[in-house]
Each structure stands twice: as structure tokens, then as C-alpha cells.
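The chain contents come next:
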Amino acid sequence: MTALTAPALPGNTAGSRRVGRATATGVFIGRSVRHSLRNVEALTMAIVLPVMLMLLFTFVFGGALDKEGGYVDYVVPGIILLCAGFGASSTAVDVAEDMTNGIVDRFRTMPLRAGGLVTGHVVASLLRNLLATGVVIGVALAVGFRPTANVLEWLGALGMVALFILAITWLYSAIGIAAANPTAASGYGFALLFVPYLSSAFVPTDTMPSWLQWIAQNQPITPIIETIRAFLFGRDPGAELWWALGWCALIIAGAYVWAVWLFGRKAGRR
Amino acid sequence: MTAPAIEVAGLRKSFGSQTVLDGVDLRVERGSVFALLGPNGAGKTTFINILSTLVAPDAGAATVCGHDVVADPEGVKESISLTGQSAAVDEVLTAEENLRMMARLSGFGRAEAAQRATELIDGFGLRDAARKRVKTFSGGMRRRLDLALSLVATPPVIFLDEPTTGLDTRSRQALWAIIRDLAAGGVTILLTTQYLEEADQLADRIAVLDHGTIVAEGTPVELKARVGGDVVELRDAADELVRELPTDGTVDGLRAAIDVLDALGVPGASIAIRKPSLDEAFLALTASSTELQKEAVR
């Protein structure tokens, strides 16, 4: 039992324990990035799925949709969003796991901003999904994707993708806090993955029946897709850009407020 | 710094129509070990959650080191650490990474954090497992890491919510040794437990919580005394317990008890006089006190 005696506790007593918001958030980001790197299955999926989808849409569906082989240029933004949405969905599970494990109450009873726990997951998701986006673009270039964007337009396209990732990740985080357990979080998250199909991501909306066209044209994914597409091919996204930015800002703000409210309400209850 | 470690007056909390705490008053002196004893559902965890600012009380006042839990939660958080019922450890990280993370979150710099992690790893006998992911840990190791994480910043008050529930005897005793060392170092400890033996072993004072109210409070000796006088045990030649009788502690009472035992006619019998156990005290103090009386009559 001698090995188990508590150490002489050196003098770090109360008073100087408060850590700044930046330090705490930095530590939480480091934690979530470590989690991402160690979740081998999720990380593998985040890389394999973009490759599979890219090949599927280009070689299986692509020939039927565009005999000239130009479909790859059309579909890349859609696949980026589909993969990012999929990659971000694991955030709901990560957050739900933290919320149902005692660890969240430990952080909450420390003199720091415990919400940084969620911010850490969001930033890790952003990094993970930018990586997946890189994979999509790499594979796309290999199978014939020929964007005409200049450097600034590339940055615009990637910025739009990053903003979309942030928006959907905050939404998944709020879902993760709201869910009773990680399995439920995973289930709710799955439903969101179908939203990109009801947009201009894979086929132009004017090929859809008129009632569906209305939905497809007025949901957030379509202006985001059109903005990315415009940037990639050196066109002016016009009003689509403002719609896209507005939608992302609205989703981020709404999800953030929801997440903060839920996070406070669920303290001490597991 | 003259305020008691914990002071609670008229604390009430309900969840919906269910009253969990129904007017609790309590005072815990600095540097003492205080055990909150009670059956499942008595309100122990809710009490700890209110004191650690996780849950807001409906009525009453509670202060920790002079900080009010409602008006000054940040002051409370700077004075406490909580070890909840489920081990609050990060399973994906290693023990060392858990400790470093907690040290960084407690205001240590990188180098200090690494040093503090090493100290705690050695102090809690986690050296062999330091670089292993917590996912692979046994229940006892997890609990030890959990406690080590609570002690990274050495707060003056530590809450331990059922610290040994689900542990085997060896791990339990190891944890007891750690808790005793902490107490010897001047830390105030409020622990909850369902185990009377645990409260008896560790605590300077015990409060018995039942149905949201404190039904008794005092030192372990005082609580045992409240149940009444001594118990006379009759054992047979093989030292098996044959019968127990409560007495009022007087010579006449003792003689009467021995007469009863004598009438049983057990060959090779021996008798012993002892204080009632804390189990008996506990039963007597909570709602099921009638059972002990039945036992005495039989």
C-alpha cells in the first residue's frame, strides 16, 4: 500500500487556479485533435469515403448524366459537402459521449469556461474535414476535374467550404448535447446527411418536379454549392454568395445559442 | 479564512414533484473528513451537485470556504474539486495525458504540468500504466486516476461522491489510505457513502441523510451511542454467534441479559460485551428502526 500514498501536495492552492479562455480552449482543441487522430475507423472513413464517392459519381453515374464526361466538373462541390457533412456528423457522437461521461461535470466544476469542450470538437472537425476536402480535390483532379479558378477564387471556394463545415459542425454539436446518449446522437445526425441530395449538388434543380424544385432552390445547400461551383470555375457567384453566407451565419448563430442553452441546462444531470 | 469549509442552511431541492432535499443544515469544519451517509436515493448526489455549483438549490443557502454557491459560483469552483460517481476520465487519452490536460486547465505551464503529472503518477501507483490508454484500465485504476485528477491543483475542499462504489476490497483500502493521507495534509473532505464501515473508518463526523433530511449527526462514537447501551454476545464453543442482546449498560441489566443467555444452555459458551455496530446505528436512525427493535425482542 505504500506505493499508493498520496504525494506531498506542493503549494498550488486556490486563488491562482483560474485559466484564461484562450488557454482552456487551446487545451480542449488539442484534446479533440488527439481524439480524432486516435479514432482510426473514423479517420479511415473520412479519407476512404471521399475516394469512393468521387469514383462512384464519376464512373458509375457520370456516364449516364453527361456522355461527354463533364459531370466530374459539376459534381465535385457536391461531393465535398457530402463528405464534410458525413465527417462532421461524428461530432454529434463525440459531444454526446462527453456529455454522458462524468468528464463534463469535472470541467464544469473547474474555474474555466467549460463550453470550450465543445469548441474543441468543432475545431477538430474543421481540421478533419478540410483534410477530407483535400482528398476529394486530389482524387477529382486525378479523374479529370479541371477547375479554372485563380488563387483568390480557390481561397474563396475553400473559405466557403470551411464556413459550411463550421455551420454543420455547430449544428451537430448542439444535436450531440441535446441527445440522450451517443447512439441517439448518431441517429439524429444521420437524417441531416440526406439534405445535400435535395439540392443542386448532384443534378441541376430544373430536372426535378416543380414542388421539389421549390424545396431544392430554397434550402441552404444550394446557394453554398452554387457559390463553390462559381468560384471553382472563375464565375461571379452573385447573389448566391450572400444567400450562402447568410444561411451559414444563421445556422451557426442558431446552433450556438441552442448549444449554449442546452449545455447550461444539462449540468449535473446524466 | 475563518469561514467553515462548508456551511449549509435550510437547503431544499425538488425535481418536478419529487422532493430530493427537504431542508438540510450542515457545517463542516476546515481540515476535517465529513461523511454523508445514506441509502440510495437519499439525496446525497444532489447535495454534492449543489455544493459544487452544478445544480441550483430551490431554497436555502450554501457556502464553500465562504463563497456562496449561487452568488459566487466561480469562487466556489476555485476552492473545490469534485470526484463524481462515474469516473470522470478521458478514455481515449493515456493516464499521463489526462493528468497533463488537467494540470494545463488548472493554470500550470507546460513544463510544470508535465512535472505535476509525473508526481501524481508516482504518488498513485500508476507508473506502469502511465502511457496506456485509460480505456484499458481496471475499475480500481480508473478510480485512482480519477482521484489523482481531482488533486492536480490541490484545492482546499474535495468532494468525493461514493468514491469506492464498485471497487474490490483491495482497491477500496488503497483509496482509503489516500483519503487519510489527504486529510492528514489538511484538506477538507466531504464524502458520500452507502457503506457504514467506510464512514466509520474515515470520517471525523458523520451525518445520516434519509429522504432529504439529516436524521442524525455526530462523531461515529456519538452515533453508535445514540442507539442505546452495549450489546451482549453469546458465542458457542466454536465461537459462532448464538444470540445478541442489547443492554442498558448497568450491572443489573448485564446480569439480566446473562441470565437469559444462560437459560439457552449452550455448552462451552462464552460472552462478550461490545458497542453496537454502525450498521445497527444506521438502521436505528433511518426509517427501518423498527427492525432493530424486533431484533432486540426476539
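Please refer to the structure placed before this passage.
Just so you know, these numbers come straight off a predicted model, no measurement behind them.

## Comments concerning the interface of chain A and chain B
Argument step 1. Of the residues lining the interface, 33 residues belong to chain A; the matching set on chain B comes to 41 residues.
Argument step 2. When residues of the side of chain A that touches chain B are traced back to their parent elements, those giving at least two are helix H1 (21-38) and helix H4 (103-108) of chain A.
Argument step 3. For the side of chain A that touches chain B, the element with the most residues is H1(A), which contributes six residues.
Argument step 4. For the side of chain A that touches chain B, the residue count by class is 15 nonpolar, 10 polar and eight charged.

## Thoughts on the sheet that holds strand S8 (residues 188-193) of chain B
Note on sheets: strands pair through backbone hydrogen bonds, and any given pair is parallel or antiparallel.
Residues and elements named next belong to chain B.
Argument step 1. The mixed open sheet is built from six strands, whose spatial order is S6-S7-S8-S3-S9-S10. If you trace the sheet from one side to the other, it starts and ends with strand S6 (80-83) and strand S10 (213-218), each paired once. The sheet shows a mean angle of 15° between the axes of neighbouring strands, direction not considered.
Argument step 2. Here five bridges tie strand S9 (residues 205-210) to S10, and the two strands are oriented antiparallel to one another. Each residue of the ladder has a partner; that of Ala207, found in S10, is Glu217.
Argument step 3. This element, helix H1 (residues 44-51), spans strand S3 (33-37), strand S7 (157-161), S8 and S9 of the sheet and lies at about 150° to S7.

## A closer look at the packing of helix H6 (residues 151-178) of chain A against helix H10 (residues 239-265) of chain A
Residue and element names in this part refer to chain A.
Argument step 1. Packing of H6 against H10 leaves a shortest axis separation of 8 Å and a crossing angle of 25°. Relative to H10, the element H6 is oriented roughly parallel. When you trace H6 past H10, the crossing you get is left-handed. For the pair formed by H6 and H10, the contact residues are Met160, Leu163, Phe164, Leu166, Ala167, Trp170, Leu171, Ser173, Ala174, Ile177 and Ala178 on the first element and Ala244, Cys248, Ile251, Ile252, Ala255, Tyr256, Trp258, Ala259, Leu262 and Phe263 on the second.
Argument step 2. Along the lines of polarity and charge, the residues of the contact of H6 with H10 split into 20 nonpolar, one polar and no charged.

Criteria and cut-off values
- Residues numbered from 1 in each chain as written.
- Chains lettered and ligands numbered in written order.
- Predicted model: local features only at pLDDT ≥ 70, side-chain atom pairs only at ≥ 80, totals over all residues.
- Contact = placed C-beta atoms within 7 Å.
- Helix = DSSP H or I, 4+ residues; strand = E, 2+ residues; numbered from the N terminus.
- Nonpolar A, V, L, I, M, F, W, Y, C, P; charged D, E, K, R; others polar.
- Pairing = 2+ DSSP bridges.
- Axes fitted to C-alpha atoms, helices over the stretch in contact; angles between N-to-C directions.
- Parallel < 35°, antiparallel > 145°, perpendicular 65-115°, else oblique.
- Left-handed = near helix turned anticlockwise from the far one by under 90°.

Note that every value here comes from positions in space, so none of it alone points to a role or purpose.
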